[in-house]
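Spelled out, the chains give:
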Amino acid sequence: MNFDKENYKKFADAHAKPSPTVKNCLHAFLVGGGICAFAQGIIFVSTALGASKDDAGLISSVILVFISAVLTGLAVFEKIAKFAGAGTLVPITGFANSVVSPAIDSKAEGWVLGVGAKIFTVAGPVLLYGTLSGTLYGVLYWVFLLFF
């Protein structure tokens, strides 16, 4: 059977299950909102206990990363992500999952060539280009301040 682009699209559309878009958006909204509300709750409690606003944000971030990493290690994060879809991609929880998942997947290959070599396969480019662009922006800002 020889398919051109148009015939393949018709074939694929005819055999694809329709996506429950409204249900998926609702799940993502509820779970993502729940994660953000939980983080905000940590910030409120931290500031009530005497932490500064910056320190409370740091405490909240550390707790979210820790919980995400533990849930990924226990294979619970994947189940939540299946239900919530993009709702689990709240940046810090998604980042923690993207670091821990490759490490778990490559554990059988050993600590150095497995975990050590592959832990940042997903998050590595984000770290590299985020750091590089932040440094470049900082240098340009510094040069701008010197001359203007």
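Residues numbered from 1 in each chain as written. Predicted model: local features only at pLDDT ≥ 70, side-chain atom pairs only at ≥ 80, totals over all residues. Heavy atoms only, no water.

Sorry, what's going on with unusual backbone geometry here?
With the exception of glycine, most residues fall at negative phi, and the peptide bonds are largely trans. Notably, Ala 75 is not glycine yet its phi reads approximately 65 degrees, a positive angle. Note that Ala 75 resides in the loop between helix H3 (53–73) and helix H4 (77–84). (Helix = DSSP H or I, 4+ residues; strand = E, 2+ residues; numbered from the N terminus.)

Quick question: what am I supposed to make of the layout of surface pockets here?
Unfilled space is identified by rolling a water-sized probe across the atoms. Here the largest pocket is characterised by a volume of approximately 180 Å³. As for the largest pocket, its lining consists of Val 31, Gly 34, Ile 35, Phe 38, Leu 64, Ile 67, Ser 68, Leu 71, Phe 77, Ile 80, Thr 88 and Thr 93. Of all the secondary-structure elements, those providing two or more residues to the lining of the largest pocket are helix H2 (21–48), H3 and H4. (1 Å grid on protein atoms, 1.4 Å probe; cavity = no way out; pocket = protein on both sides within 12 Å on 5 of 7 lines; lining within 4 Å. Points joined across faces, edges and corners; volume = space filled by probe spheres on them.)

Where do I start with the nonpolar core in this structure?
One recurring pattern in soluble globular proteins is that nonpolar side chains are buried together. With six residues, the main nonpolar core is built from Val 31, Ile 35, Ala 39, Leu 64, Ala 84 and Val 90. With sequence-adjacent residues up to four places away left out, Val 90 is seen in contact with Gly 32, Ile 35 and Cys 36. (Core = buried A, V, L, I, M, F, W, Y, C linked by side-chain atoms within 4.5 Å. Buried < 20%, exposed > 50% of the residue type's maximum accessible area, 1.4 Å probe, protein only. Contact = heavy atoms within 4.5 Å.)

Looking at this structure, I do not really get a nonpolar patch on the surface. What am I missing?
On the surface, Tyr 137, Val 139, Tyr 141, Trp 142, Val 143, Phe 144, Leu 145, Leu 146, Phe 147 and Phe 148 cluster together into a nonpolar patch covering about 1200 Å² of accessible area. Along the chain, the position of Phe 148 falls in the segment after helix H7 (124–147). Its relative accessible area of 73% is what places Phe 148 among the exposed residues. (Patch = residues over 30% accessible without salt bridge, like charges linked within 9 Å, V, L, I, M, F, W, Y side chains within 5 Å. Areas by Shrake-Rupley, 256 points an atom, 1.4 Å probe, with all protein chains shown as cover. Salt bridge = Lys/Arg side-chain N within 4 Å of Asp/Glu carboxyl O.)

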